[in-house]
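Working through the structure, step by step
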Amino acid sequence: MSGVFNALTTAVSGINAQSDAFTNLSNNIANSQTVGYKADTTSFADFVAGSITGNSASQAQSNTVQAITVQHVDNAGTATNSTNGMALDISGKGMFVTSKPTGAGAANAGVTNFSEQKFYTRNGDFQQDKKGYLVNPAGYYLDGYMTDSTGSLTNVISPLNVSNVGFKPTATTTMTLNAAVGKLPADPANYTPQSYTTAATTTYDASSNPHKIAIQWQQSDTNPLVWNVSAYDADGTGTIAPNNYQVTFDHSGSLASITDMKTGKEVGSSTVGSKAEIPITAHYGNNVEQTINLALGTIGGTSGTTMVTTNNSASTNQANPLSLSGTTLSMSPTTIGTTTDSMQSYMSSPLMVASTAASTTGGTNGQTNASTTSQVPVAVKWTQTSASPQTWSVQAVDPYDATTTSPVKMDQAHSVIFNKDGSIQSFDGQAVSKGSPVTTSLSINGTNYTLDLSNASLTTGTSLGGDATTLTNDSITSGTYTGAEIESDGSVMAQFDNGYTQLIGKVALTNFNNVNGLQAVDGQAYLATSRSGTPQTGLVGENGTGSLAVGFVEASTTNLTGDLSALIVAQEAYSANTKIVTTADTLLQQTIAMKQ
């Protein structure tokens, strides 16, 4: 009699197991068009409540069956073409890292706040929302590595955002000089050497940081066609390496040749029509070297950098060096800025000061003192610190050496306040009467000098009226953001109306030792578990994550043909189990009827 009850229990477990299988099949079929959906299968396990004891005549014990849902997250769906330009398909084992908003941002000035919990998905149908985030239809926000203000990629994973992207100036590769640096003398044997300094041009390094460079020209006192040329850091921060070139013109004022005075070798070619360029080396950031070519024109050309005849006008000098008399360095009458502008700066062109530096050397009889004489470049750097009142900081610098071992030293940067008429009002808090000298001290290789700043002033006009057009560079400094695109390596690029693209961030992908051990949640997403292992997150291609196909999505892994066939089998198995139940019921009814 107990066998009938055991059969009834077993049949009920079979009905339940087939119901679970039916649930999985129906879920697969319902999600046959869901992007990134991973179809499940059903496995069955037999549970033995007892065993056959003794011989074949022993009483049978109740067995049951259980349905087990098996995940197949490792199965890849077919890449399907999408009209969404932000859609992504992973070719490989990787998964997208995503975040969910907490909802707390609604009351925080429209800012979206995100949970620290990370979700993983293959649903790459991402689109830009109104706040610039990339989100898929299930509400998961794509994570990656954003760039910082310099354009460098950070190592922090956060939701990618492509809104309000500003254009970062491009790195400068070429400066161009279009100037008449001086006049051809009427008498080559009797002339006064000329000098010319350009206005500083703002250049940019690879991280889009601005720097100022100016070019100084000094005519030889023995040959009027020969000029000594050097580029210097007009910010006074020592980023430009010391350089000295000799540029020679022909008797018509056209460029003839360029020589590097450090090596004594000709730069480029002296053949007519050849490019006349001077390489300038800069060291930015963590001593990152950047070479900028100074384009002067062509050898024998009549444009670019030239000398003009006496009846023509040469370009106007834009910065003056200090003058030296004994041990006093003085500024010539110089307008360093205006009384109305802010964020201004000015630096005099370098003056080479002969200086003797003492040194100690070792000899056979002990130490001996020695000295070397060198030319030390000295300039005065002015930086505006306040617009009301007009307050400036001033200090003496070596434009090629801003380190603590620079031969040019000052006890401090001094503060100068100007009157509304542009004259000096006070120096380091001490009132200055009009016409009174304004002096301080500095040292060059240990020798003390007096620095006279009395001739500095501001103009009450709206501009200095200088010529900033002679020295230009090829950096692109502005562009209007038009949209974003994703490249196959995961780079998220900003597009601008000037034709340039710039990196916004990079998509992050994650891999697991056991992706089938992930915990499924709503929206074709998963959570990491102890069974899946620790997420191994990095850039596209790292940790075996694979590559990206842009403009494609991963189709559902549902196999409609196979699942429909399995559905028929599950239906028949379900019906068979119900038949056992009805048969058991009949047997029980007959057993009860025996007493009647």
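From a predicted model like this one, the values you see are computed outputs, not experimental measurements. (Residues numbered from 1 in each chain as written. Predicted model: local features only at pLDDT ≥ 70, side-chain atom pairs only at ≥ 80, totals over all residues. Heavy atoms only, no water.)

What about the overall build of the chain?
A count of helices and strands for the chain gives two helices and 45 strands. At 40 Å, the chain has a C-alpha radius of gyration far larger than the 25 Å of a compact globule built from 596 residues. Taking the principal axes of the C-alpha coordinates as reference, the chain spans close to 145 × 65 × 55 Å. Counting all 596 residues of the chain, 42% fall into the buried class. By sequence separation, contacts in the chain at least 24 residues apart represent 61% of the contacts at least 6 residues apart. For the chain, the accessible surface area stands at approximately 29,500 Å², while carbon and sulfur atoms represent 50% of it. Within the chain, the 39 negative side-chain charges are centred at a point lying 6 Å from the centre of the 21 positive side-chain charges. (Helix = DSSP H or I, 4+ residues; strand = E, 2+ residues; numbered from the N terminus. Rg over C-alpha atoms; globule rule 2.2 N^0.38 Å. Buried < 20%, exposed > 50% of the residue type's maximum accessible area, 1.4 Å probe, protein only. Contact = heavy atoms within 4.5 Å. Areas by Shrake-Rupley, 256 points an atom, 1.4 Å probe, with all protein chains shown as cover. Lys, Arg positive; Asp, Glu negative; His and termini not counted. Charge placed at Lys NZ, Arg CZ, Asp CG, Glu CD.)

What about the sheet that holds strand 20 (residues 275-284)?
Strand order in this open sheet of four strands is 20-21-11-37, and the pairing throughout is mixed. Looking at strand neighbours, the two that pair on one side only are strand 20 and strand 37 (471-473), the edges of this open sheet. Adjacent strand axes in the sheet meet at a mean angle of 25° when their direction is disregarded. The sheet contact formed by strand 20 and strand 21 (residues 288-298) spans ten bridges and is antiparallel. Residue pairing for strand 21: Ile 280 is matched across the bridge by Ile 292. (Pairing = 2+ DSSP bridges. Axes fitted to C-alpha atoms, helices over the stretch in contact; angles between N-to-C directions.)

Details of the sheet that holds strand 34 (residues 439-444)
What the five strands build is an open sheet, ordered 23-24-35-34-30; its pairing is mixed. Both outer strands of the open sheet, strand 23 (323-325) and strand 30 (408-409), are each paired with one neighbouring strand and no more. Sheet analysis places strand 30 next to strand 34, joined by two bridges and oriented antiparallel. Within strand 34, the position partnered with Lys 409 by the bridge is Ser 443.

A short note on unusual backbone geometry
Of the consecutive residues Ser 388 and Pro 389, the connecting peptide bond is found in the cis state with omega at -5°. Note that Pro 389 resides in the loop between strand 28 (366-387) and strand 29 (390-397). A positive phi angle is found at Met 343, which is not glycine, with a value near 55°. With phi around 60°, Asn 543 is a residue other than glycine that occupies positive phi space.

Regarding the pairing of strand 35 (residues 447-452)
As paired elements, strand 24 (residues 328-330) and strand 35 share three bridges and run parallel to each other. Considered in strand 35, the bridge of Ser 330 is made with Asp 452. When strand 34 meets strand 35, the two strands line up antiparallel, connected through six bridges. In the sheet register, Ser 443 faces strand 35, and the bridge partner there is Asn 448.

Quick look at the nonpolar core
In terms of nonpolar packing, the biggest core is built from 68 residues, with Trp 217, Leu 296, Leu 329, Trp 382 and Leu 442 touching the most fellow members. When neighbours within four sequence positions are excluded, Leu 296 is seen to be in contact with Leu 177, Trp 217, Val 247, Leu 255, Ile 258, Ala 276, Ile 278, Ser 303, Gly 304 and Thr 305. The next biggest cluster of nonpolar side chains, apart from the first, holds 22 residues, and it includes Ile 90, Leu 142, Val 492 and Val 540. (Core = buried A, V, L, I, M, F, W, Y, C linked by side-chain atoms within 4.5 Å.)

What to know about the environment of Gly 461
If you trace the backbone, Gly 461 turns up in the loop between strand 36 (456-459) and strand 37. Taking C-alpha positions, Gly 461 is 100 Å from Thr 10, a pair spaced 451 residues apart along the chain. Excluding its chain neighbours within four sequence positions, the residues that come into contact with Gly 461 are Thr 338 and Thr 340.

Quick word on the environment of Val 156
The topology assignment puts Val 156 in strand 10 (residues 153-159). The exposure class assigned to Val 156 is exposed, which follows from its relative accessible area of 52%. Considering only alpha carbons, one finds Val 156 and Ser 13, 143 residues apart in sequence, at a separation of 50 Å. Not counting residues up to four positions away in its chain, the partners in contact with Val 156 are Gly 144, Tyr 145 and Met 146.

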